[in-house]
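# Summary of the model geometry
Spelled out from the first residue to the last, the chains are:
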Amino acid sequence: MRLGHIWYLGIKELRSLARDRGMLVLIVYAFTLAIYASATAIPETLNRAQIAIVDEDRSPLSMRIASAFYPPYFATPKMIDHAEMDNRLDAGLDTFALDIPPDFQRDLLDGRQPTIQLNVDATRMSQAFTGSGHINTILNDEVRAFAQRYRDVYEPPVGLTLRARFNPELKEAWFGAIMEVINNVTLLAIVLTGAALIREREHGTVEHLLVMPVTPFEIMTSKVWAMGVVVLVACAVALTFVVQGLLEVPIQGSIALFLVAAALQLFATTSMGIFLATVARSMPQFGLLLILVLLPLEMLSGGTTPRESMPEAVQNLMLAAPNTHFVIAAKAILFRGAGLDVVWPQFLALAIIGAILFGIALMRFRSTIGTMA
Amino acid sequence: MSGASPHAVPGEEGAAPVARLRGVSLRYGKVQALAGINLDLPAGRMVGLMGPDGIGKSSLLSLVAGSRAIQKGEVEVLGGSMAKARHRQRVCPRIAYMPQGLGKNLYPTLSVYENIDFFGALFGHDHAERKRRIVLLTQSTGLAPFVDRPAGKLSGGMKQKLGLCCALVHDPDLLILDEPTTGVDPLSRQQFWRMIDDIRRDRPGMSVVVATAYMEEAARFDWLVAMDAGAVLATGTPAELIARTGTASLEAAFIALLPEEKRRDHRAVTIPPRSPGSDHETAIEARGLTKRFGDFTAVDHVSFKIKRSEIFGFLGSNGCGKTTTMKMLTGLLEPSEGKAWLFGQEVDPRDLATRRRVGYMSQSFSLYTELTVRQNLELHARLFEVPETEIPARVEEMVERFQLAGVIDAYPGGLPLALRQRLSLAVAMIHKPEMLILDEPTSGVDPIARDRFWQMLVDLSRSDGVTIFISTHFMNEAERCDRISLMHAGKVLVTDPPETLVRQSGAKTLEDAFISYLEQAVAEDDGDQTSEAETALADSMRGPEPEEPVRGGQRHFNLRRAMSYARLEGLELLRDPIRLTLAVVGSGILMLVMGYGISLDVEDLSFAVLDRDQTTTSRDYTLNLSGSRYFVEKEPLASHQELDKRMRSGELSLALEIPPNFARDIARGRDVSVAAWIDGAMPTRADTARGYVEAMHSLWLAEKARQSGQESALAGLANVEIRYRYNPDVRSVVAMVPAIIPLLLMMIPAMLTALSVVREKELGSIVNFYVTPTTRLEFLIGKQFPNIVLAMLSFVMLAILAVVVFDVPLKGSVPTLMVAGLLYAVAATALGLLISTFMRSQIAAIFGTAVLTILPAVSFSGMIDPVSSLEGFGRVIGEIYPTAHFLTITRGVFSKSLSFSDLHASFLPLALAGPAALILAAVLLRKQER
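Residues numbered from 1 in each chain as written. Chains lettered and ligands numbered in written order. Predicted model: local features only at pLDDT ≥ 70, side-chain atom pairs only at ≥ 80, totals over all residues.

### Some thoughts on the sheet that holds strand S4 (residues 72-77) of chain B
Residues and elements named next belong to chain B.
- Spatial strand order, S2-S1-S4-S5: 4 strands in an open sheet with antiparallel pairing. Edge positions in the sheet fall to strand S2 (31-41) and strand S5 (80-81), since each has one partner strand and no second.
- Contacting strand S1 (19-28), S2 and S4, helix H1 (residues 57-65) crosses the sheet at an angle of about 55 degrees to S2. (Pairing = 2+ DSSP bridges. Helix = DSSP H or I, 4+ residues; strand = E, 2+ residues; numbered from the N terminus. Contact = placed C-beta atoms within 7 Å. Axes fitted to C-alpha atoms, helices over the stretch in contact; angles between N-to-C directions.)

### Quick word on the pairing of strand S1 (residues 51-55) of chain A
Residue and element names in this part refer to chain A.
- Across the 5 residues that make up S1, a large majority, 5, are buried.
- Side chains Ile-51, Ile-53 and Asp-55 project from S1 onto one buried face, and the interleaved Ala-52 and Val-54 project onto a second face that is buried too.
- Relative to strand S2 (residues 78-80), S1 runs parallel, the two being bridged by 3 bridges. Looking at S2, one finds that Ala-52 is bridged to Lys-78. (Buried ≥ 20, exposed ≤ 12 C-beta atoms within 10 Å, placed from the backbone.)

### As for helix H15 (residues 417-429) of chain B
Residues and elements named next belong to chain B.
- Look at H15: 18 Å from first C-alpha to last across 13 residues, which is about the 18 Å you get at 1.5 Å a residue.
- Every buried residue belonging to H15 is among Gln-421, Arg-422, Leu-423, Ser-424, Leu-425, Ala-426, Val-427, Ala-428 and Met-429, and all of these are buried.
- On its buried face, H15 sits against strand S16 (358-361), helix H13 (373-383), helix H14 (391-401), strand S17 (435-439) and helix H16 (447-464). (Expected span 1.5 Å × (residues − 1).)

### Considerations on the environment of Ile484(B)
Residues and elements named next belong to chain B.
- Among the secondary structure elements, Ile-484 is positioned in strand S19 (residues 483-488).
- Taking the C-beta count within 10 Å as the criterion, Ile-484 has 28 such neighbours and is therefore assigned buried.
- For Ile-484, the residues in contact, after removing those within four places along its chain, are Gly-313, Leu-315, Ala-478 and Pro-498.

### A look at the interface of chain B and chain A
- Across the contact, 109 residues belong to chain B and 104 residues belong to chain A.
- Top element by residues in the side of chain B that touches chain A is helix H26 (residues 683-707) of chain B. It accounts for 12 residues.
- Residues of the side of chain B that touches chain A, tallied by class, amount to 57 nonpolar, 26 polar and 26 charged.
- Of the pairings in the sheet, the one linking strand S4 (residues 115-121) of chain A to strand S25 (residues 719-725) of chain B comprises 7 bridges and is parallel in character. Across the sheet, the residue bridging to Gln117(A) is Glu721(B), located in S25(B). (Nonpolar A, V, L, I, M, F, W, Y, C, P; charged D, E, K, R; others polar.)

### Quick look at the confidence of the model for chain A
- In the predicted model, chain A carries a mean pLDDT of 84, and 96% of its residues have values of at least 70.
- At the level of individual helices and strands, chain A shows its lowest average pLDDT in helix H3 (residues 33-41) of chain A, which scores 77, and its highest in helix H11 (residues 255-279) of chain A, which scores 92. (pLDDT = per-residue confidence, 0-100.)

### Here's the deal with the sheet that holds S17(B)
Residues and elements named next belong to chain B.
- Strand order in the open sheet made by the 6 strands is S16-S17-S18-S13-S19-S20, with mixed pairing throughout. The open sheet has two edge strands, S16 and strand S20 (491-496), and neither has a second partner. Averaged over all pairs of adjacent strands, the angle between their axes in this sheet comes to 15 degrees, without regard to strand direction.
- Set on the sheet, helix H11 (residues 322-330) makes contact with strand S13 (311-315), S16, S17, strand S18 (467-472) and S19; between it and S17 the angle comes to about 150 degrees.
- Against the sheet, H16 touches S13, S17 and S18, its axis set at about 150 degrees to S18.

### Points about the UniProt feature "transmembrane region" (unreviewed entry) in chain A
- Sites flagged by UniProt as "transmembrane region" (unreviewed entry) map to residues 22-42, 173-198, 224-243, 255-280, 286-305 and 347-365 of chain A.
- Secondary structure across residues 347-365 of chain A divides into 100% helix and 0% strand, with the first and last C-alpha atoms of the span separated by 26 Å. (UniProt positions renumbered as here; feature names shortened; annotations may be inferred.)

### Observations regarding the UniProt feature "transmembrane region" (unreviewed entry) in chain B
- The feature "transmembrane region" (unreviewed entry), as annotated in UniProt, sits at residues 733-758, 785-805, 817-836, 843-864 and 903-925 of chain B in this numbering.
- Secondary structure content for residues 785-805 of chain B is 95% helix and 0% strand, and the end C-alpha separation is 30 Å.

### Digging into the pairing of strand S24 (residues 672-679) of chain B
- Relative to S24(B), strand S5 (residues 158-165) of chain A runs parallel, the two sharing 8 bridges. The residue of S24(B) that forms the bridge with Leu160(A) is Val674(B).

### Thoughts on the packing of helix H4 (residues 127-141) of chain B against helix H5 (residues 156-168) of chain B
Residues and elements named next belong to chain B.
- Relative to each other, H4 and H5 sit at 145 degrees, their axes nearing to 10 Å. Where H4 crosses over H5, the two elements pack in a sense that is right-handed. Of the residues in H5, those touching H4 at Leu-137, Thr-138 and Thr-141 are Lys-161, Leu-164, Cys-165 and Leu-168.
- Looking at side-chain class alone, the contact of H4 with H5 contains 4 nonpolar, 2 polar and 1 charged residues. (Left-handed = near helix turned anticlockwise from the far one by under 90°.)

Laid out in structure tokens, this is it:
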């Protein structure tokens, strides 16, 4: 192994990339527009939820309730009759149907605890769950406010002060922006190294390298460092200018520490890119493989949905994937301001997984390189 | 342009030309391929287009064949303008076109029989007729023993014979062959031309137009068009051209016809004799070198010895083992058997020291096109460890020697072939190797550049003592070698100086000598098949009374052609494991991933309590939480610092602080408040967690109130009864899995269908669609059909997976679901076809389809947010995109136990989407290349 070779081959990779306009556009897009778009495009969970009301009471209270639902959380309620309700739910026109029974207001004032029925289309999970909570609160508030004009209302003895830490207003944009950065680090690491290797193979330049006095280890290491540096720089720029600057997401921890985690992640994923490129025989096959590998990595790593709600087996299996550890470390550092004392287990795991992936990729690269030429 | 010939001579007096070109120009981006061509190609003759690669021969032929759209000028073929679609449709059954490249328009996974059968069906022959023709054609071409072999596994010569069979299956009047014999060994070449001659004897009216880079071949044609740089240099019979230029051979005549500035530096190659002292040292030795790939032996016990400073030539057809042998010598491939020595040292792939003594130049141009000429030279110098201080001088030397000064800072991709080839040689020489291994370095280079290149090689050998091991197709290059080896089917037939070979075989030329050696070898291999085949040929072509093929004016839909494409697509799918795996296993994997991944359930939230009260009441409060399935209690907290640290690490999603005197203050009726912190890093989860905590809190209060007899006071004013319909347990999978099926059933079938069309574009077999009577709809429906079948298979599999693995109840009508699935599969594949009309490369098709299907399917079709909640652009997409309607149906059938009568409103738009996309694709699909 000679460092000189690794250095010059890496410079060559960088020069090649600089001439590849398509890839450059992809990198710039992934770390600017894509982040901005995914941060701002995620709708708040409850947005223009479709609600229909069957008002069998037609009292001032029921009117008051109907007028409490308005955009942007809810679409203006449709007033329907009882017969329509099921059909509309079946056809997916409404997510919620509120049934206010006859004599609701009278029973309420008489203290008879009348019951409002809220029908929820529970196949629409996201709206169904948060929405019914909101509706419940709105109903209680309206009923209480209405009732307070007529009689005393009991206040519970113990209060609950709930605060959300690290993202007090629970802005989806913060989460979306950071997760997009994380996902794009993985995506680009695999695509850049994999595509670079396949391009060399398709152009016959791998063959050329192999007749020179360079070892497969040198070829592979040069690709890993060159592409790693590109993604790392792009990632640092994106965090500073797009995430902190444009999107005004406050970053709690040290960006430098995050970049160390990203570097470890890149070590693992660039190796993975090389491995996939040795399995695929052509660029299209690489594209198909990429989809099959990238989606599980991103969706099951805990970046999209919480890890703890996945089946035990999936959780354990995903411990072998670098993304899982990277997501845990990134969230801890960027959102919660954690230091190395907190995230070192993830760093260690990333380093081990990276070393294993690098080793496997190198073995595979050595054994297939002959057939590539 | 200079040299354009205004005086194109028609073939015979009075005979109408088969093709007439007037002012034809063609450019690809900045490159001018053809410049103002005026040309009449005589009918009933064997017309040759000669000239090196990349000068517009192929462009001209594709215009005549109608496979490429005319940009400027007029092209008349068989009495009508090729600019008119109706004329093209009428005459294409009379034209056969075999594009350049070995087996470019063949389907490599299909067998010989299936390939010819496919073409026969496109031209409207029925089954029996096709069978009869295939038997005749394969017998006459000697392919009969190989009818079941996949086209991809044929040798170069056999591929070209198969290409010819496919071209001849419909009895064309005009046969267009684009470099049919490039890369084919001399024997196969000879057989090929003999076949053409026989066919012409039987069908004297047939016109043949051939492009070739071999001057030896061109000499045998009736009439020639010499071309260079997109223009016609001269036309006439070979004798006329030679006479006009006053030269001895056609190659010399061609050089003489070239414009002055190209000819200026040309000198005939002179080869001084080798210095006598160098003979005793062996540079390369191979002994019993063998390479097997599976059960195929590519190189079979090859042995030879090459002396220092010798120029050693390797001759043979494509795929005969030349390249494999060279790769074993360079250490690129490990031999299965046998050994090789370079300078007395055994070749060891791990030994980097020998590599420094060797320079290698591969068949294709394989330098970095993204680096400039200088950067390429410097990189190679550094990798070969030329000392840093010597590099500038070394680069300078190479630039001078190989005349690269003018292009030193240019990128090689844009340079002419001859320059790139010199650059490759410069790079191979940068570390001053003692030996050069050159694999077909001169393919496609014009004769002048080739001579100049050879002069450089000769200088290297004679003045610098470099040993040169070179492979080539050109006989005149082989004649310049000190010694040559003839290779065939992995074996070295003979090794000797060229003149000795000619003398020994008693032939006139080296080519004839080579053919006689090959014939011997073939005869030993498989009996006397070739001569048999040749006699059979004449009979077969004369024998049958050819059925008049379906010709002309057919613009309506022809089921046979569509089914022919469908069969082709089906066979290709079955034989491509990666695509098939993606289609079947891939969607299953993705469903598992997404089913678990897009879970919106929040369970097992980890929490810990900072209990500063430590009473039964405070513990009771904690127990209230830890007893629920939504929360998991962790070690209690001791301090605020610990709380902070454990929340930062992400270990805790929720932390509670119960204040001191909690129990006492409650008892005394003072205001007490429990503090709770939720990890807000994941907003959706935090939102849900907040709901849980609030709910658990009120539950606890209610319980307390009940215990203290204040139940009625707390019970509130009114009850809200929430009924979670269709999914009473509010399980995420029940909601998500029926939504994932439409997503996967859109993305993957669309991608595979788009790929199947774009693959043909990228690999070149799309030309079969351009030049056969196949209509757009036939082509598209043919491509679509097998993909629909595949989509339905994966649909059934996904549905079973949903019920069995994810435990999602299937409550409604199964037939309704299946019909909807079929309509949706039609729509998804049609959408793939539509996307394919915009894409050129397979990789673009993959990512383009992913973007164009995932975004609308995930964001605008009600997977997460119902379409009715969307606004603006997203709403419009959601209303027309088939996924939205199919989603309503899958959710309806899976969870809401609905059937057709409840869902008919969603069926209409779903049923319309497929045909609409298909028609749009047919409108946008081009029937010619641009």
